[in-house]
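# Summary of structural features
The primary structure of each chain is shown beneath.
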Amino acid sequence: MNTLNDFIVEYISERPPVHVASTVISSLLAIFLIGKLLSFSQAFMYRSRVLKAVPTAPDGNWIVGHVIPMVTCVNRGMGAWDQISYWVTKAQDKTKLIKFRILDTHAVAFSDPVGLKRVFQTHYKIYEKDLKLSYHPFLPILGTGLVTSDGDLWQKQRTLMGPALRVDVLDDIITIAKDSVDRLCAKLRPLQGSGRAVDMNEEFRLLTLQVIGEAVLSMAPEECDKIFPKLYLPVMEEANLRVLRPYRQYIPTPDWFKFRSRMSQLNSFLINFFRERWQSRKQGVQRPRKDILDRIMDSIEASGAKWDSSLERQLCYEVKTFLLAGHETSAAMLTWSLFELSLCEEHMQKVRSEAELTFGSAEAEPSRRNVDAMSYTLSVLKEALRKYSVVPVVTRTLAKDDELLGHKVPAGTMVACVLQGTHNMYEDPDQFRPDRFMPGGEYEQFDDAIKAYMFVPFIQGPRNCLGQHLAMLEARVVLSLLCKRFRWKTVHGSAQGIRHPTVIPVGPLEGMPMVLE
Ligand code: HEM
């Protein structure tokens, strides 16, 4: 009887070597693919089994999961998070956690502050950034920058970058923000009384980009206006398109080539910029004001790290992260705040009075302490972040099995923290009431154990927003001065009917036309 060995020997001796090689390669490939399929289905079945007890969101099917309701929601002009938020809110009286599926990805969603505490604070290490879905289209831009890294690299970078965005640099933000609002007012003055509307969302986008460009790289406003709309904004636009049309990442269309070329021009611009700055520091050139880049370079020198191409690349990711994270979110917050103030003279008057007190008639530059004392203006900004949830959802991928809100959740599950739902757990959530955040207001009445997780526009815990103090300081200066100098009228009579984009951050889709009276 022939053994398997005899069969193989006979097979090999009768065939040419090329034939044998191709048979071996295809057999190995088949074994590899079958192995992959087996381990994939094993993991899929395991996740399905563990999540069995978690209530399922409606309208899914067993082939594509909940893709269809999410896509139809986007087609109706809402964000996919609106659909998830709706499921969570509907289920809330029965359960705090719901599950859904996007193709092969199992996901759970919730808004409960106790769950947020676990994900953001006590167990944050096992709730890693969701690079497979939500952040995937932004990876060519953000790479291993702070927002999209995890573990030791994130820890190292956070320690390096953290000090650059805190304390001293914040004093400079007041000057930078005041200069930028002066420039904006000079541009707007000819429109005053003309009855012509100006899109304040677009103006805030340009202003916040100038502020972050100057704060991080000491770029002059004209330079920001020249470089960013040409290189940075189009790559961001393409990345946003890729969120809803992921195939754009893989098909080499003219837009794909343009994206690549702009990315490489932007990277070269930044890397040359860093090299020149590093050289001038080595030559002992003193600059009148330290920007965020100088402060990061101070930390690099203090850490003894060697300046090489990998350090340049990482710095490039970090600076693009600051540009991305630091301008559109702030612009959306300012837009909603100004819009709401223009609808209510009482709120507007309170902000104006604070501005009179802080800046006086001569409009001298205030101290940090004076800006910090503008508590009503701060409450207006917070209420805008609550009501409009500029970042309505953040997602994570679970690295190890865990228990969340009383349910077992397996490793590999995507976890959607629906911040918008948390912000709706206030009394009359659709009403704009800045007093909620004033001393003794609704926010202070929440139980101490959950209070910090009832207002989460910047999330909480070790991975909270590094630029939150910068953003709130800048916004107080900009909003209060604009209210002091002009009377604003919105073209929209109310928030009803203003469409939102289907990507984050959430601002008004068709801009915010406003008239200066
Ligand atoms: C109103 C304005 C802003 C809002 C609502 C906002 C919101 C957020 C949120 C929700 C996160 C967490 C994202 C996640 O974990 O997936 C985040 C992270 C971050 N933000 Fe902001 N942000 C704002 C302004 C800024 C500014 C001005 C900067 C920089 C100058 C900035 C820099 C960052 C960075 C570096 C992170 C990552 C922190 C880490 O993971 O360690 N943000 N922001």
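Everything quoted here is computed from the prediction, not taken from an experiment. (Residues numbered from 1 in each chain as written. Predicted model: local features only at pLDDT ≥ 70, side-chain atom pairs only at ≥ 80, totals over all residues. Heavy atoms only, no water.)

## Structural notes on the site of the ligand
The condition that has to hold: If even one non-hydrogen atom of a residue comes within 4 Å of a molecule or strand, that residue is called near it. A 3.5 Å cut-off defines polar contacts: any pair of N or O atoms within that distance qualifies, except that in protein one atom must be a possible hydrogen donor and the other a possible acceptor, and neighbouring residues in sequence count only when both atoms are side-chain atoms. Secondary structure elements follow DSSP: runs of H or I no shorter than four residues count as helices, runs of E no shorter than two count as strands, and numbering proceeds from the N terminus. The classification used treats Ala, Val, Leu, Ile, Met, Phe, Trp, Tyr, Cys and Pro as nonpolar, Asp, Glu, Lys and Arg as charged, and all other residues, Gly among them, as polar.
Within the structure, the ligand sits among 26 residues, and Y135, W154, R158, R396 and C465 are positioned closest to it. The side chain of W154 places a nitrogen or oxygen atom 2.8 Å from an oxygen atom of the ligand. Within the side chain of R396, an N or O atom sits 2.8 Å from an oxygen atom of the ligand. In terms of residue count, the dominant contributor to the shell around the ligand is helix α13 (residues 309-343) (six residues). Here the residues of the shell around the ligand are counted per class, giving 17 nonpolar, five polar and four charged.

## Here we look at the coordination of the iron atom of the ligand
Applied cut-off: As a rule, N, O and S atoms within 2.8 Å of a metal are its donors, except that Na, K and Ca use 3.2 Å; water is not among the atoms, so sites may look incomplete.
Looking at the iron atom of the ligand, one finds just one donor atom contributed by the protein, C465 (SG), at 2.3 Å. Note on placement: C465 falls in the loop between α19 (448-451) and α20 (468-485).

## Focus: the packing of aromatic side chains
In plain terms, the rule: Stacked, tilted and edge-to-face are the three classes applied to pairs of Phe, Tyr and Trp rings, where Trp contributes its six-membered ring and a pair requires centres within 6.5 Å; stacked means planes under 30 degrees apart, edge-to-face means over 60, and tilted covers the rest. Relative accessibility under 20% of the residue-type maximum defines a buried residue, over 50% an exposed one, and the middle range a partly exposed one, all with a 1.4 Å probe and only protein chains included.
Across all of its chains, the model carries 15 aromatic pairs by this definition. Between F228 and Y232, the aromatic rings sit 5.9 Å apart at their centres with planes inclined by 70 degrees, giving edge-to-face as the arrangement. Taken together, the residues F228 and Y232, both in helix α10 (residues 221-244) and four residues apart, mark about one turn of the helix. Y232 carries the same exposure label as F228, and that label is buried.

## Here we look at the layout of surface pockets
Basically, it comes down to this: Only protein atoms enter the 1 Å grid used here. Points where a 1.4 Å probe fits but cannot escape make up a cavity, open sets with protein on both sides within 12 Å along at least five of seven lines make up a pocket, and a residue lines them when an atom lies within 4 Å of a point. Grid points are joined across faces, edges and corners, and a volume is the space filled by probe spheres set on the points.
Here the second largest pocket is characterised by a volume of approximately 910 Å³. What lines the second largest pocket is a set of 30 residues, among which K387, Y388, D430, A495 and H500 lie closest to the centre. Put simply, the parts of the chain that give the lining of the second largest pocket at least two residues each are α4 (80-91), α13, α16 (375-388) and α17 (419-423). Broken down by element, the lining of the second largest pocket gets its largest block of residues, five residues, from α4. Split into classes, the residues belonging to the lining of the second largest pocket amount to ten nonpolar, 13 polar and seven charged.

## Things to note about the pairing of strand β1 (residues 98-102)
Convention followed: Strands are labelled as partners when DSSP assigns at least two bridges between them.
Counting buried positions along β1 yields five of five residues, so the element is predominantly enclosed. Side-chain alternation along β1 places I98, F100 and I102 on one buried face and K99 and R101 on a second face that is also buried. The pairing of β1 with strand β2 (residues 105-110) spans five bridges and is classified as antiparallel. Looking at β2, one finds that R101 is bridged to H106. Where β1 folds back onto β2 in an antiparallel hairpin, the turn is made up of two residues, including L103, whose phi is positive at roughly 50 degrees.

## Describing the pattern of salt bridges
Definition in use: Whenever Lys or Arg places a side-chain nitrogen within 4 Å of a carboxyl oxygen from Asp or Glu, that contact is recorded as a salt bridge.
Applying the stated criterion across every chain yields a total of 39 salt bridges. Salt-bridge contacts for R352 lead to E345; the nearest nitrogen and oxygen are separated by 3.3 Å. Take R352: its relative accessible area is 6%, and that puts it in the buried class. The partly exposed category is assigned to E345, whose relative accessible area is 45%. Each member of the salt-bridge network shares a partner with another, and the members are R277, R281, K282, R287, K290, D291, D294, D298 and E301.

## Quick notes on the environment of S299
Mapped onto the fold, S299 is located in helix α12 (residues 292-303). In this structure the side chain of S299 is engaged in a polar contact, spanning 3.3 Å, whose partner is the backbone oxygen of L160.

## Considerations on the UniProt feature "transmembrane region" (unreviewed entry) in the protein
We count it as follows: UniProt positions are given in the numbering used here, feature names are shortened, and annotations may be inferred rather than shown by experiment.
Residues given the UniProt feature "transmembrane region" (unreviewed entry) here are residues 20-39. In the segment residues 20-39, helix accounts for 100% and strand for 0%; the C-alpha atoms at its two ends are 29 Å apart.

## Brief notes about the side chain of T148
Short version of the rule: By the convention used here, residues are in contact when the closest approach between their heavy atoms is within 4.5 Å.
Locating T148 in the fold gives a position in the loop between α6 (139-142) and α7 (151-161). Setting aside its immediate chain neighbours within four residues, T148 contacts L131, Y135, L139, L142 and G143.

## With respect to the domain arrangement of the protein
Spelled out, the test is: Just so you know, the domain bounds were taken from an automatic or database domain assignment. When two parts are brought into contact, each loses some accessible area as probed by a 1.4 Å sphere; the total of that loss over both is the buried area.
As far as domains go, the protein holds domain 1 (2-51) and domain 2 (111-516). Summarising the inter-unit geometry, the C-alpha centres of domain 1 and domain 2 are found 51 Å apart. Between domain 1 and domain 2 the total buried area reaches about 410 Å² when both faces are included, carbon and sulfur atoms providing 68% of it. Three residues stand out in domain 1 for area buried against domain 2, namely R47, V50 and L51, and they jointly supply 78% of the buried area on that side.

## Quick notes on the nonpolar core
Worth spelling out the cut-off: Side-chain atoms within 4.5 Å link the members of a nonpolar core, which is a set of buried Ala, Val, Leu, Ile, Met, Phe, Trp, Tyr and Cys residues.
Counting residues in hydrophobic clusters, the biggest one holds 111 residues, and the most contacted among them are M200, F274, I292 and W488. Here this core takes 15 residues from α13, the largest share from any one element. Residues within four places of F274 in sequence aside, it is in contact with L217, L293, M297, W307, E312, L315, C316 and V319. Core analysis: the second largest hydrophobic core is formed by 20 residues, L51, F120, V456 and I459 among them.

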